[in-house]
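In case you want the letters, here they are:
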Amino acid sequence: KEIFISQWINSTAYEIDLSTYGNLKNIIVSSQNYNLRSVDGVLYNSEKSELLFYPASKEESEYVSIKELKTIKSNAFKNAKYLTSIVLDNERSSYGVEIIEEAAFYGCAKLSEAHLGKTIREIGKEAFHGCTSIKYLEFINTKSLKIDTYAFYECTGLESVSFYGISTDVGDYAFALCENVSTLAVFGVNKIGSHAFSCNKIKQIFIPNPLTYIMSK
């Protein structure tokens with residue numbers, strides 16, 4: 001349920017595979033480790049600009065990003081059992097998460113609220129694959145945003161997707177098999193990839209003039 005990382009471990013990527021610890025609730029890092037940091041049981045790099053791992057059985061239901069955080073690394077929140085809400089920016093300031101890497105929130109089945117914020121500029125492949133409890137997504141990015149392939153694949157609880165940011169590219173199959181989406185607004189979107197919105201129940205689509213490219217297949 002708890003793991004201690006000594007001063008001798010410099011990088012979890014090569015020395016510890018924390019994703020195999022399904023019952024892990026807390027991470028503690030030695031005060032003499034100058035490469036890794038733990039904040040409230042969550043593992044970061046030394047500058048706290050990268051979130052490396054969130055314990056899968058951590059009992060808190062909400063995660064609010066710390067001020068320094070810019071990148072959520074691959075698989076960081078994968079299969080987090082109790083996570084229901086994430087807040088990745090501060091509405092009253094300019095700081096917030098910019099990059100969500102591949103499979104970062106993969107399989108977070110209880111995640112129902114995802115406040116991605118205005119600073120986000122990249123969402124990796126399968127980043128939210130299988131997050132079946134999310135109902136609404138709103139993108140209000142103030143920077144160019146790239147949503148990679150399969151980013152929200154099989155988010156079966158999703159009902160509405162709205163883009164109100166700037167210069168957004170939506171990758172192939174990004175929202176495929178989100179079978180309950182009924183409303184789609186794509187203001188500020190430049191490109192929509194192949195099968196990006198393969199959602200059979202869409203009833204309303206709002207498409208502005210600036211949209212420049214939609215894949216034909």
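As a reminder, the structure under discussion sits directly above these lines.
What counts, and where the lines are drawn
- Residues numbered from 1 in each chain as written.
- Predicted model: local features only at pLDDT ≥ 70, side-chain atom pairs only at ≥ 80, totals over all residues.
- Heavy atoms only, no water.
- Helix = DSSP H or I, 4+ residues; strand = E, 2+ residues; numbered from the N terminus.
- Buried < 20%, exposed > 50% of the residue type's maximum accessible area, 1.4 Å probe, protein only.
- Pairing = 2+ DSSP bridges.
- Axes fitted to C-alpha atoms, helices over the stretch in contact; angles between N-to-C directions.
- Core = buried A, V, L, I, M, F, W, Y, C linked by side-chain atoms within 4.5 Å.
- Contact = heavy atoms within 4.5 Å.
- Salt bridge = Lys/Arg side-chain N within 4 Å of Asp/Glu carboxyl O.

Within the secondary structure, Ser 30 is located in the loop between β2 (26–29) and β3 (36–39). By relative accessible area, Ser 30 is classed as buried at 13%.

A few words on the sheet that holds strand β8 (residues 85–87). On the basis of which strands lie adjacent, the open sheet formed by three strands has the order β6-β8-β10 and parallel pairing. In the strand order of this sheet, the two ends are held by β6 (62–64) and β10 (113–115), each with one partner. For this sheet, the mean angle separating the axes of adjacent strands, direction not counted, is 5°. Summarising the sheet, β6 and β8 pair through three bridges and their orientation is parallel.

Grouped together as the largest cluster of nonpolar side chains are 50 residues, with contacts concentrated most on Phe 105, Phe 128 and Phe 175. Only β4 (42–45), β12 (136–139), β13 (145–147), β14 (160–163), β16 (183–186) and β17 (189–192) provide two or more residues apiece to this core. Each residue touching Phe 175, except ones within four places of it in the same chain, is listed here: Leu 137, Phe 139, Phe 152, Leu 158, Val 161, Phe 163, Val 170, Ala 196, Phe 197, Ser 198 and Cys 199.

Evaluated as defined, the whole model comprises six salt bridges. For Lys 73, the salt bridge is made with Glu 101, and the minimal N-O distance between the two is 3.1 Å. Of this pair, Lys 73 sits in the loop between β7 (71–72) and β8 while Glu 101 sits in the loop between β9 (99–100) and β10, placing them 28 residues apart in sequence. By relative accessible area, which is 24% here, Lys 73 ends up partly exposed. The salt bridge involving Arg 121 is made with Glu 98; its shortest N-O contact spans 3.1 Å. Highlighted residues: Arg 121 in the loop between β10 and β11 (122–123) and Glu 98 in the loop between β8 and β9, separated in sequence by 23 residues. Judged by its relative accessible area of 34%, Arg 121 falls in the partly exposed class. Beyond isolated ion pairs, a larger network of salt bridges with shared partners links Glu 98, Arg 121 and Lys 143.

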